[in-house]
Amino acid sequence: MYPSRDMILLSRAAAEIVPRGATVTAIRPAEAPDYDITLYLTAGGMMPRHRVVPPALDAADRPQFVLAVREPLSNPHYRLFRELPEGRIYEAIP
Amino acid sequence: MNDVLAFTAYLLLPLIGTVIWRLDSVRRLDLGGRIAVAGAAGAAIIVAVLAALSIVSIEWSRGLILSIVVVIMAESIYLARPLPTRERHPIDRIAMTALIVIAILLIYGLLDARLSCGDLHFFWGPKAVRFYRDGGVTLGFLADPNTVRMNPGYPLLLPLLYVWSETIARQFSWFSAVLSTALFLFGSVALVRSTSRDDRAAVLMAATLAYAFAIADAAGAGEPPLIFFETLAIVAITFIPDRRAQVVLAALGLACAAMTKIEGATFAIAVVIALLVVRRTFKRTMLIAAPAALVLGAWLAFVRLHNLSEYYRGAGMPIYFAAVTKTLLTLAKAASYELYGLPWIVPIVLIAIAPNPRNAALPLLIAILTFGAAFFFYIHLPDPTWWILASAPRVLLTPLTALVIASAAAWRSADDLS
């Protein structure tokens, strides 16, 4: 099954959980650092009330939330926010 | 309910474009053809309304858009009176059965999402969602560096049609976007049947496109409307004898194709060349091409003015002659459609054994030119293998469609052609 399928389900669920207006990106952690751009593009269509941006997790203006399909995300800037059947949602550590 | 409302928006397009029935040649088509032509006109009107509101910085709202559309629809129906509703060309029973079977298989494939194109989720759908949320096509969104991967320089017809559907349903419906593929496909079939008056050609068109759409995973992407508008342009210049109707319908098809996908511009150029070579009618060709040139020129001027990301200058990139053999072999593999190239072989054989193969010249030349254009663009990468395998089954739908229409033309007498 393509990770896009998981991302469709995860981002639809996340749209109801993540605060509206927050910056969000979407990745498959195992692909770091060359993340598949189609995952965040897919999330962009499913989360119209959020600002979905490219996965620049280590940039100064990193996204407030990360949707991760398949593997868990291991990044010092983020902590687990919610675990769902389709994947995990991480939030940036202030 | 949301999906039903969103799909209903597509069904309303023919009512909005009924005004085009004022053309006598359209009035003489059978019901399916008239609905398809009106659908194309309705799509153009809706896109023009949404684009015009954005151009004059009026924010879209459901009430405003519906008010404008209702007025246009009423005026359109009024101008088209008396509405011809009689079926002028009863369909052959075997052909009808075949078309129903193909439709059931196609709709099953669409509804279980197995034919969906990734591009629907990557940019066609998300762009429509953002336009709708923003209340218009905004430069802020198109010029945002974060949206550069969503092809901001792509023409806007399809996302705006999706916005229309979203306006009716208040929410984007992914399933209605996917299911609209069936409307565009059978709209193309209706155009071929209605103008060629050949039921067998309609069945061949339906079978070829439904199978090729399935192999190409084209549902929800730009190709279904692109093929629909291209079919309108090709059948108009091939089968419709009345000069005025021919110019209006071909111009409508070309302009909409050019505003649907980049490949639509290539198609428009191919049609112009084919008309000049086969018909040698300069003035009529220019009239047919002018609306496409104007709308595409205006869009490209906007794109260039704001330095948006676009791919129209691909032809200016270096050519890799070393890649020619590999490109040809990979393109042949993609063109086989996992069926030994049968979708191509059938119309070619039909042309070869037809009583009037010369009648196929115009659409056949369009098929050759658009196939050649695809090859030309692919050799601009040193190793285009992935690009060809990912896109060629969809890109080659244009020459395949033109070839099928050519096979229908070859079986008509010269008196039946334009």
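Residues numbered from 1 in each chain as written. Chains lettered and ligands numbered in written order. Predicted model: local features only at pLDDT ≥ 70, side-chain atom pairs only at ≥ 80, totals over all residues.

Trainee: Please give an account of the overall build of chain B that cites residues and values.
Mentor: The secondary structure content of chain B amounts to 20 helices and zero strands. For a compact globule of 418 residues, the expected C-alpha radius of gyration is about 22 Å, and chain B comes in at 20 Å, within 12% of that figure. For chain B, the spread of C-alpha atoms along the principal axes amounts to about 60 × 55 × 45 Å. Across the 418 residues in chain B, those meeting the buried criterion constitute 53%. In chain B, of all internal contacts separated by at least 6 residues, the share reaching a separation of at least 24 is 83%. (Helix = DSSP H or I, 4+ residues; strand = E, 2+ residues; numbered from the N terminus. Rg over C-alpha atoms; globule rule 2.2 N^0.38 Å. Buried ≥ 20, exposed ≤ 12 C-beta atoms within 10 Å, placed from the backbone. Contact = placed C-beta atoms within 7 Å.)

Trainee: Got a sec to walk through the overall build of chain A? Specific residues and values, please.
Mentor: Check the secondary structure of chain A and you find two helices and five strands. Along the chain direction, N to C, the helices and strands of chain A fall in the order α-β-α-β-β-β-β. The globule rule puts the C-alpha radius of gyration for 94 residues at 12 Å, and the 11 Å found for chain A is close to it. The principal-axis extents of the C-alpha atoms in chain A amount to approximately 30 × 25 × 20 Å. Each of the 94 residues in chain A was classed as buried or not, and the buried ones make up 45%. At a minimum sequence separation of 6, the contacts of chain A that also span at least 24 residues come to 61%.

Trainee: Give me the lowdown on the interface of chain B and chain A, citing residues and values where you can.
Mentor: Counting residues at the interface gives 11 residues for chain B, matched by 11 residues for chain A. Class assignment for the residues of the side of chain B that touches chain A results in five nonpolar, four polar and two charged. (Nonpolar A, V, L, I, M, F, W, Y, C, P; charged D, E, K, R; others polar.)

Trainee: Before we move on, can you summarise helix α12 (residues 223-239) of chain B with the specific residues and values?
Mentor: When the terminal C-alpha atoms of α12 of chain B are compared, their 23 Å separation across 17 residues agrees well with the 24 Å that a helix rising 1.5 Å per residue should span. Counting buried positions over the 17 residues of α12 of chain B gives 17, a clear majority of the element. (Expected span 1.5 Å × (residues − 1).)

Trainee: Describe the environment of Pro343 of chain B, listing the residues and the values that go with them.
Mentor: Residues and elements named next belong to chain B. Note that Pro343 resides in helix α17 (residues 342-353). Under the C-beta neighbour-count criterion, Pro343 is labelled buried, with 23 such atoms within 10 Å. C-alpha separation for the pair Pro343 and Leu204, spaced 139 residues apart in sequence, amounts to 9.2 Å. Leaving out residues up to four positions away in the same chain, Pro343 has contacts with Thr208, Tyr211, Ala212, Tyr337 and Leu400.

Trainee: Requested: an account of the sheet that holds strand β5 (residues 87-92) of chain A, with residues and values cited.
Mentor: What links the strands of a sheet is backbone hydrogen bonding, and the strands pair in either a parallel or an antiparallel sense. Residues and elements named next belong to chain A. The five strands are arranged β2-β1-β3-β5-β4 in an open sheet whose pairing can be described as mixed. The open sheet has two free edges, formed respectively by β2 (51-52) and β4 (78-84), since each of these has just one partner strand. By the bridge criterion, four bridges tie strand β1 (residues 23-27) to strand β3 (residues 65-69) in an arrangement that is parallel. Directly across from Ala26, in β3, lies its bridge partner Leu67. Set on the sheet, helix α1 (residues 3-14) makes contact with β1, β3, β4 and β5; between it and β3 the angle comes to about 140°. (Pairing = 2+ DSSP bridges. Axes fitted to C-alpha atoms, helices over the stretch in contact; angles between N-to-C directions.)

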